[in-house]
Amino acid sequence: MRIAITSTGNTLDSKIDQRFGRCAYFVVYDLETKGIEFIPNPNVDALEGAGPASVQIVAARDVKKIISGEFGIKVKSLLDSLKMQMIVIKEPEKTINEIINMLNN
């Protein structure tokens, strides 16, 4: 299963980004292969529509779950329709590495 995590940077020491649509990076983690891909988010400075556009980025990578600090209203219904699970982590100090370790345990 592939899981997307919103990230403030492109390293495992980066913190979780609390914003979904305008996060700096998406980290796509594959639970089976343990593969990790860092994807810069082109919607970080979008004036509007950042959430739905960001959903397209992760959906194109066959992601089934998304971990972020928060999700906008438009995104929630879109993710529900795509059968993608939202996981909210309200701990801005959590690193990508800590989140991946939680997923593996």
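Residues numbered from 1 in each chain as written. Predicted model: local features only at pLDDT ≥ 70, side-chain atom pairs only at ≥ 80, totals over all residues. Heavy atoms only, no water.

1. Some words on unusual backbone geometry
Put simply, the rule reads: Helix and strand assignments come from DSSP, with helices taken as H or I runs of at least 4 residues and strands as E runs of at least 2, each series counted from the N terminus. The cut-offs for exposure are 20% and 50% of the maximum accessible area for each residue type, with area from a 1.4 Å probe on protein chains only; residues under the lower value are buried, those over the upper are exposed, and the others partly exposed.
The phi torsion at Asp62 lies on the positive side, around 60°, for a residue other than glycine. Mapping Asp62 onto the fold places it in the loop between helix H1 (50-59) and strand S4 (63-68). Residue class for Asp62 comes out partly exposed when judged on its relative accessible area of 46%. Positive phi is not limited to glycine here, since Lys83 has a value of about 60°. On the secondary structure map, Lys83 appears in the loop between helix H2 (73-81) and strand S5 (85-88).

2. With respect to the nonpolar core
For the record, the criterion: Residues belong to a common nonpolar core when they are buried Ala, Val, Leu, Ile, Met, Phe, Trp, Tyr or Cys residues joined through side-chain atoms within 4.5 Å. In what follows, a contact means two residues having at least one pair of non-hydrogen atoms within 4.5 Å.
In terms of nonpolar packing, the biggest core is built from 15 residues, with Phe20, Phe26, Val58, Val63, Ile66 and Leu79 touching the most fellow members. Within the residue set of this core, elements represented by two or more residues are strand S2 (25-30), H1, S4 and H2. Top element by residues in this core is H1. It accounts for three residues. Residues contacting Phe26, with those up to four places away along its chain left out, are Ile5, Thr6, Phe20, Glu37, Phe38, Ile39, Asn41, Ser54, Ile57 and Val58. Counting residues in each nonpolar core, the second largest holds ten residues, with Ile3, Ile16, Ile96 and Ile99 among its members.

3. Remarks on the layout of surface pockets
Where we set the bar: A 1.4 Å probe that fits into a set of points on a 1 Å grid over the protein atoms alone but cannot get out defines a cavity; an open set with protein on both sides within 12 Å along at least five of seven lines defines a pocket, and lining residues are those with an atom within 4 Å of a point. Grid points are joined across faces, edges and corners, and a volume is the space filled by probe spheres set on the points.
Empty space within the largest pocket amounts to approximately 200 Å³. Taken together, 15 residues form the lining of the largest pocket, with Gly21, Arg22, Ala50, Gly51 and Gly72 sitting closest to its centre. Secondary-structure elements contributing two or more residues to the lining of the largest pocket are H1 and H2. Considering each element in turn, the lining of the largest pocket owes the most residues, three residues, to H1.

4. Quick look at the environment of Ser77
Take Ser77: it is sitting in helix H2. With 73 residues separating them along the chain, Ser77 and Ala4 place their C-alpha atoms 18 Å apart.

5. Side note on the side chain of Ser7
Looking at the element boundaries, Ser7 is found in strand S1 (residues 2-7). Given the relative accessible area of 0%, Ser7 is considered buried. In contact with Ser7, not counting residues within four places along its chain, are Ser14, Lys15, Asp17, Cys23, Ala24, Tyr25, Val27 and Ile96.

6. Some remarks on H1
Condition: What the arc covers is the set of directions going from the helix axis to the C-beta atoms.
Buried residues of H1: Ala50, Gly51, Ser54, Val55, Ile57 and Val58, and no others. Along the axis of H1, the buried residues cluster in a sector spanning 160°; they form a single face. Elements in contact with the buried residues of H1: S1, S2, strand S3 (36-40), S4 and H2.

7. Digging into helix H3 (residues 96-104)
Restricting attention to buried positions, one finds in H3 the residues Ile96, Ile99 and Ile100. Buried residues in H3, looked at end-on, bunch into an arc of 100°, giving them a common side. In this fold, the buried residues of H3 make contact with S1, S2, S3 and S4.

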